[in-house]
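If you want the building blocks of each chain, they are given just below.
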Amino acid sequence: MLNELSSLDIAVITAELDMIIKDSRISNIYQLNDKTLLLKLRKPGGLRENLLIEAGRQLHTTIYAFEKPIKPPDFCMALRKYLRNGRIEKIQQYDFERIVELTVESKAGEYRLVIELFGDGNIILVDPENKILHALTYKRMKDRNIIRGEPFKYPPPRGRDPRTLRREDLDEIRRMGEIEVVRSLTRLLGIGGKYAEEILTRAGVEKNVPSSSLKDEEIDSIYESLQGLLSEISREDKAPSIFVDEGGRWVDVSPIEMRKYSDLKQIKFESFNQALDEFYAESFAKKRTSEVEETFEQQIARLERILKDQERTLQKSRRKAETYRRIGEAIYLHLNEIQFLLQRIMNEKRSGRDWKEIVEDLTKEKKESRVPAIYFEELNPKNLRLRVSVEDLVFDLDLKSSAQKNAAEYYRLAKKAEKRAKGAEEALKQTQMKIEEAKRRRLEETRQAPKLPPKMRKREWYEKFRWFHSSEGFLAIGGRDKTQNEILIKRYMEPKDLVFHAEITGAPFVLLKTKGKKPSEKTLYEAAQFAASYSKAWKEGLGSISVYWVNPDQISKSPPSGEYLSKGAFMIYGPRNYIRNVPLEAAIGLVKTDDQIRIIGGPPQAVAKQTRIYVKIIPGNESSGRLAKQIRKLLARMLPSEERGAVENVPLEEIQRFIPSGRGSISRE
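Now for a look at the structure at hand. (Residues numbered from 1 in each chain as written. Predicted model: local features only at pLDDT ≥ 70, side-chain atom pairs only at ≥ 80, totals over all residues. Heavy atoms only, no water.)

It is worth spelling out the sheet that holds strand β28 (residues 614-622) at this point. In spatial order, the strands read β27-β26-β28-β29; together these 4 strands make up an open sheet with antiparallel pairing. With one partner strand each, in any of the chains shown, β27 (596-602) and β29 (664-666) form the two edges of the open sheet. The sheet shows a mean angle of 35° between the axes of neighbouring strands, taken without regard to direction. Strand direction decides the pairing type here: strand β26 (residues 586-593) and β28, joined by 4 bridges, are antiparallel. The partner of alanine 587 across the bridge, within β28, is lysine 616. The sheet strands contacting helix α14 (residues 624-637) are β26, β27, β28 and β29, and the helix crosses β28 at an angle near 155°. (Pairing = 2+ DSSP bridges. Helix = DSSP H or I, 4+ residues; strand = E, 2+ residues; numbered from the N terminus. Axes fitted to C-alpha atoms, helices over the stretch in contact; angles between N-to-C directions. Contact = heavy atoms within 4.5 Å.)

The subject of this paragraph is helix α4 (residues 193-203). Extensive coverage of α4 is indicated by the burial of 8 of its 11 residues. For α4, the set of buried residues is Lys194, Tyr195, Ala196, Glu198, Ile199, Leu200, Arg202 and Ala203. Where α4 is buried, its residues touch α1 (7-21), α3 (181-189), α5 (216-234) and β13 (250-254). A positive phi of about 75° marks glycine 204, the residue just after α4. (Buried < 20%, exposed > 50% of the residue type's maximum accessible area, 1.4 Å probe, protein only.)

Glancing now at the packing of aromatic side chains. This structure, assessed with the given rule, holds 19 aromatic pairs. An angle of 80° between the planes, with centres 5.6 Å apart, marks the rings of phenylalanine 509 and phenylalanine 570 as edge-to-face. Of this pair, phenylalanine 509 sits in the loop between β20 (498-502) and β21 (510-513) while phenylalanine 570 sits in the loop between β23 (555-556) and β24 (571-572), placing them 61 residues apart in sequence. Note on accessibility: phenylalanine 509 and phenylalanine 570 belong to one class, buried. Put simply, the rings of Trp461, Tyr462, Phe465, Trp467, Tyr492 and Phe658 touch in pairs and so form one group of aromatic residues. Over the aromatic face of tyrosine 30 sits the side chain of arginine 80, whose NZ or CZ is 5.2 Å from the ring centroid. (Phe/Tyr/Trp six-rings, centres within 6.5 Å; stacked < 30°, edge-to-face > 60°. Lys NZ or Arg CZ within 6 Å of the ring centre and 35° of its normal.)

Another point: the environment of glycine 121. Position of glycine 121 relative to the elements: it lies in the loop between β7 (109-116) and β8 (122-126). According to the relative accessible area criterion, glycine 121 is buried, its value standing at 9%. Distance from glycine 121 to tyrosine 332, taken between C-alpha atoms, is 78 Å for residues 211 residues apart in sequence. Non-local contacts of glycine 121, meaning those with residues more than four positions away in its chain, are made with Ala55, Gly56 and Glu116.

Right, here's the structure in full:
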């Protein structure tokens, strides 16, 4: 898979991006992970683009929908503060290096977003005075510092600019000695190994020959190949392609034909942007699958370590149980001799003899094979423990207890070890089951992992509002805030529409677009429930509320004399048609269109008419983010296992768009 873009790739991509996103406004910025940004752009004329930036690796527009974190990181929030609503004045490559600059014009002046695509990469925000405002990574280096408040400095050049290179400049390769020519060419020009190999392939020069051995005619040929490659890259009729091996693996991507890949299949694209986007998405999918596999591998490895520990515990407990039982049996087989030995030792001690004398006598008698001294091994006066040897067993006895009590104690220890062994055996079975379950889930989730992230769907004009289609197919749209309320009534209300409003301050206007048709009571109720559920009543946790509807000619922006109407507020004149005690509830479901998953929402009856896969929600205590995760999980469970991955990859914001403002919970009805 692709590691990073070369300076030649960046030259092509910046030229394309300058045509695609120049003069666009940055409507929002998201940070997808610790190195990746997504810029949502609004072009003149209303067209939209999404620019994907990965420090050290990628830069291109994308048609794919990557999941965005619920809480933006601090770096993302800082970029939003300075760049949101700014106009992209230009995008350019710095000095043929792997550095790209986005110049953004805002009310406060010109800011530069410097994207470093070499090494570990970095993204740096530079203010109009050329001082560093924020950076993805702060560090001190010998040639420059990336520290907030310090002047921004570019890194030292990483190679000669091939566009201005003369033939005699290439003679420097020979002075690099025994180093392979492909490495010396890469070092001289800083164009990356891929294009160095391509130049040598076109020149007919083996890439592994020592640089010092190159002949003049070979350097001539290398120079001609370099010029030809630069000419192809600057042409408008390039052939951006992804190169695929026999196994179907995507090997590389390039803006031009590559002779070094002449034996590979090609997937051609209209632009290098498109090729990079597809290549990156494929890489993203493979990385996700790899991460799933790695997570399960770690889990399985941990369980297998636990299993080995449990097996050792089981074997140890079984051995102990067997040994303790044999000791108990041995004591009973030699009960009289052992009891006599215990009594003799204690009697001698009570008679005033020294422990040392007792041990010496027993040791002497043992050598003479006199019973019961033959059982004697060792005596510990401190804890009154006697070590004996009976048959092939060596064990301790308590001098204070009888032989029978010592035997009973060993039988008790045997039972305890057997109980521990039984517990270890049960735990071992549970761990084995967990390992099998983890392996099954690894196989299932790897199979379900989406091949690609979902593509961004082209939104209908009404999707910027709250919306749903009724059971009878009528479109209803509601404002998300005061501004949208104002736009809805002034721009989109037509004479035949019906206008709904919940009887509470802070409710949206809802337009039922009738197109001259008469909606039934069912549609009127659905529109009323929509207006109720997306009003302030949801945030206040109410169970139901009254809603009324009126005709467009009853709505006016002209207040009575001496009064003032705030933004999003209108006067209602004439009789109102009430629908009482409308319950607050909404449904969020999914439908499949053109092999794509699409999230829909609205009143439960309306959603149920379009799909059987939906979740009903009511006011509750869960935050919007947590609720969206729960809904996505439940929706995925309603699908066949092979389709769940696509739902689990749906961005949470697609679900959150249909959750009313405030907290909620899953309805258990």
